[in-house]
Amino acid sequence: MSMLTPPGMGGQYRITGDKYPRMRPSRRRGRLVAAAVASAAVLGLLGWGTVQLIDVFTGGGDGTTTARRTTHCPARTAAGTGQAPAAEAKSLPAPGRITVNVYNATPRSGLAKKTADELRRRGFRIGKVGNAAKEYDKKVKGPGLLLGSPAAQDTSLRVLATQLTGASPRADARDGADLDLIIGDAFKDLTRRQTADKAVTTLTAPDTATASAKKTC
């Protein structure tokens, strides 16, 4: 111990300066304090980074991630299902608002009545039933021909087309809202009812598909 060190201080303080005695703590304690502060800062940064990673993978956070996911979800749903966006969906008439005349253009008897009865069970209104006019009799080679006014091409005729796969829609000069289903040579049967009903639901109730997509998001 130096002769200038006051008794009882055990070396904790030492005399510095050349004019009068001045006591200060050892530099070792200052280094320890600085190391502790730096360690606390590093631990804080690690904790903050961990929270951010959890937000990224769990979808939590300040709402920015959620908003971004909500914005992109409808577009991704539309692309994944191949369906048109809700804004492009049209309101189409239900089968109960569509009147269908059923005509048989084949040599096989009874097809018009049988087909009309089945369409009635599926909810369509039935108008005239019988043999096709001369201009179509034995001249329809496919499963069938669907006739309607120009205004019906994107409305009621689309709904009727769900009932007969492969039928050809065509516009004629009629003014009324009735449709004609002319049975052709390749006709075997109407589209399976479960499949047709599902297609009708998709066309006439597009809001249902939109709501389902939102739930998925």
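As recorded by an unreviewed UniProt entry, the protein carries the name Membrane protein and is attributed to Streptomyces rubradiris.

1. What to know about the pattern of salt bridges
Enumeration according to the criterion identifies nine salt bridges in this entry. In this structure, Lys138 engages Asp137 in a salt bridge whose closest nitrogen and oxygen atoms are separated by 3.3 Å. Lys138 sits in the partly exposed class, given a relative accessible area of 45%. With a closest N to O distance of 3.6 Å, Arg193 and Asp197 form a salt bridge.

2. Considering unusual backbone geometry
At Lys138, a residue that is not glycine, the phi angle is positive and equals roughly 60 degrees. With respect to the helices and strands, Lys138 occurs in the loop between strand 2 (125–131) and strand 3 (144–148).

3. Here's the deal with the side chain of Ser156
For Ser156, the position within the fold is in helix 4 (residues 156–161). Note on Ser156: relative accessible area 10%, which makes it buried. The residues contacting Ser156, other than those within four sequence positions of it, are Pro93, Ile98 and Leu179.

4. Quick word on the side chain of Thr115
With respect to the helices and strands, Thr115 occurs in helix 3 (residues 111–121). The buried category is assigned to Thr115, whose relative accessible area is 4%. Ignoring anything within four residues of it in the chain, the contact list for Thr115 reads Val102, Ile183, Phe187 and Leu190.

5. Focus on the environment of Arg108
By the element assignment, Arg108 lies in the loop between strand 1 (99–104) and helix 3. Arg108 sits in the partly exposed class, given a relative accessible area of 37%. Each C-alpha atom, one on Arg108 and one on Asp185, is 8.9 Å from the other, the two residues being 77 residues apart in sequence. In contact with Arg108, not counting residues within four places along its chain, are Gly184, Asp185 and Phe187. A polar contact of 3.4 Å, which involves the side chain of Arg108, links it to the backbone oxygen of Asp185. Side-chain polar atoms of Arg108 contact the backbone oxygen of Phe187, separated by 3.0 Å.

Cut-off values and rules
- Residues numbered from 1 in each chain as written.
- Predicted model: local features only at pLDDT ≥ 70, side-chain atom pairs only at ≥ 80, totals over all residues.
- Heavy atoms only, no water.
- Salt bridge = Lys/Arg side-chain N within 4 Å of Asp/Glu carboxyl O.
- Buried < 20%, exposed > 50% of the residue type's maximum accessible area, 1.4 Å probe, protein only.
- Helix = DSSP H or I, 4+ residues; strand = E, 2+ residues; numbered from the N terminus.
- Contact = heavy atoms within 4.5 Å.
- Polar contact = N/O pair within 3.5 Å; in protein donor to acceptor, adjacent residues only side chain to side chain.

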